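Structure assessment
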Amino acid sequence: MKRKLGINVGCMMGMPQPEQLDMIHSTGFETFFTGSQNDTTIGTLKEKAEAYGMTFETIHAPFAGINNMWIPGMEYIDVYRGMKNCIDLAARHGVPAVVMHVSGGWYAPGISDLGLQRFDELVFHAAEKGVKIAFENLRQVGNLSYFSERYEKFDHVRFCYDFGHEHCYTKTVQWMDVYCHKLLCTHIHDNHGRTFEKVGSPDIHLLPFDGNCNYQRCIDKLDEYGYTGPLTLEVDNFNNKYPDLAPEQFLAECYERLQRIAALSTVPDSVEEA
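Criteria and thresholds
- Residues numbered from 1 in each chain as written.
- Predicted model: local features only at pLDDT ≥ 70, side-chain atom pairs only at ≥ 80, totals over all residues.
- Heavy atoms only, no water.
- Helix = DSSP H or I, 4+ residues; strand = E, 2+ residues; numbered from the N terminus.
- Rg over C-alpha atoms; globule rule 2.2 N^0.38 Å.
- Buried < 20%, exposed > 50% of the residue type's maximum accessible area, 1.4 Å probe, protein only.
- Contact = heavy atoms within 4.5 Å.
- Pairing = 2+ DSSP bridges.
- Right-handed = clockwise from strand over helix to strand, strands pointing away.
- Axes fitted to C-alpha atoms, helices over the stretch in contact; angles between N-to-C directions.
- Parallel < 35°, antiparallel > 145°, perpendicular 65-115°, else oblique.
- Left-handed = near helix turned anticlockwise from the far one by under 90°.
- Nonpolar A, V, L, I, M, F, W, Y, C, P; charged D, E, K, R; others polar.
- Salt bridge = Lys/Arg side-chain N within 4 Å of Asp/Glu carboxyl O.

All right, on to the overall build of the chain then. The helix and strand tally for the chain stands at 10 helices and eight strands. Since a compact globule built from 274 residues should have a radius of gyration of about 19 Å, the 18 Å found for the chain is in line with a globular shape. If you line up the chain on its principal axes, its C-alpha atoms span 45 × 45 × 40 Å. When each of the 274 residues of the chain is scored for burial, the buried share is 54%. Within the chain, contacts between residues separated by at least 24 positions form 77% of all contacts whose residues are at least 6 apart in sequence.

The following block contains the structure:
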């Protein structure tokens, strides 16, 4: 099945995102997302996307302090306001969706009525603004699974399937089997699997095929459930992960590897067109 190929703008440190998008477009990518919460940057990205005929998929909401959403006190305010601001930015600039985390860390707080109330407020705000929210799979299974039921009847509440997170955090959980009916977008990257000792983070966002993620299994699940949306990388060259690659070479490598993943689909293009 032919799917559009995308990448995260902001994958190259030290270069303004609008300049990165120029290079991303020249490389051949058709879609992208950003983690920027800057109004001017997002407006410029949107203008360039329209000029290039690209799809501005999502804005990734901030998640520093996300666990505070579940506990009493006012420490949640910063991340809550950041997520709400992303919804407003998406609405203002015509970006269809915002990707959000639900919790973070190996030992995140459990589900609480207070946390649910706060997330409900964001869900209702997004509905008012005409923006979708795509919750992303991370370490904790229970809270996201609960969200799939709590917001079952909210069509604008969707799912972001992160291949790398599934591999290094919850390899035994087939997230597509849980949330297939809500799938909106993908995040694709690589790592070396789960660290059962739970020391540090195994979530290192390597380029595909530099770790041992089973991309065939992931693509098979997308095919099984009829996903026709983009395949989108979430990678970076921060801290000289790939010191021998200039920005143009890095993006070319990203594109080639994502093409290899796309080619794993066993569904003929004619089926998609039918």
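Here the narrative resumes, following the displayed structure.
Attention now moves to the pairing of strand E6 (residues 157-162). Buried residues dominate E6, accounting for six of its six residues. Of the two faces of E6, both are covered, the one formed by Val-157, Phe-159 and Tyr-161 as well as the one formed by Arg-158, Cys-160 and Asp-162. Inspection of the sheet shows strand E5 (residues 132-136) paired to E6 by four bridges, in the parallel sense. Bridge assignment links Ala-134 to a residue of E6, and that residue is Arg-158. A crossover links E5 with its parallel partner E6, the connecting element being helix H5 (residues 142-150), and its sense is right-handed.

Residues Thr-31 and Phe-33 line one face of strand E2 (residues 31-34) and the alternating positions Phe-32 and Thr-34 line the opposite face, and both faces are buried. Here strand E1 (residues 5-9) pairs with E2 via four bridges, running parallel. Bridged to Ile-7 within E2 is Phe-32. Handedness of the E1-helix H1 (residues 17-27)-E2 crossover: right-handed. By the bridge criterion, four bridges tie E2 to strand E3 (residues 55-60) in an arrangement that is parallel. Bridging from a neighbouring strand, Phe-33 pairs with Thr-58 of E3. With helix H2 (residues 39-52) bridging E2 and the parallel E3, this β-α-β connection has right-handed handedness.

What describes two packed helices is the angle between their axes and the distance between those same axes. Where H1 meets helix H9 (residues 247-262), the axes come as close as 10 Å, and the angle between the chain directions of the two elements is 50°. Viewed along their axes, H1 and H9 adopt a mutual orientation that is oblique. The way H1 lies across H9 gives a crossing that is right-handed. Residues Met-23, Ile-24 and Thr-27 of H1 pack against Pro-247, Glu-248, Leu-251, Ala-252 and Tyr-255 of H9. Its residues assigned to classes, the contact of H1 with H9 shows six nonpolar, one polar and one charged.

Tallied over the full model, the rule gives 11 salt bridges. With a closest N to O distance of 2.7 Å, Arg-257 and Asp-210 form a salt bridge. Placement of the pair is Arg-257 in helix H9 and Asp-210 in the loop between strand E7 (183-187) and helix H8 (215-224), with a sequence separation of 47 residues. Lys-221 serves as the salt-bridge partner of Glu-224, at 3.2 Å between the closest nitrogen and oxygen. Of this pair, Glu-224 and Lys-221 are both found in helix H8, three residues apart, which corresponds to roughly one turn of the helix. Overall, the relative accessible area of 14% leaves Lys-221 in the buried class. The network of salt bridges with shared partners includes Asp-177, Lys-221 and Glu-224.

A word on the sheet that holds E6. The parallel open sheet is built from eight strands, whose spatial order is E7-E6-E5-E4-E3-E2-E1-E8. Only two strands of the sheet have a single partner each, and these edge strands are E7 and strand E8 (231-233). Each strand of the sheet is rotated relative to its neighbour by a mean of 30°, with strand direction disregarded. Relative to E8, E1 runs parallel, the two sharing three bridges. The residue of E8 that forms the bridge with Leu-5 is Leu-231. Most of the contacts of H2 go to E3, to which it runs at about 160°, and overall it touches E1, E2 and E3.

Geometric values such as these leave the question of function open.
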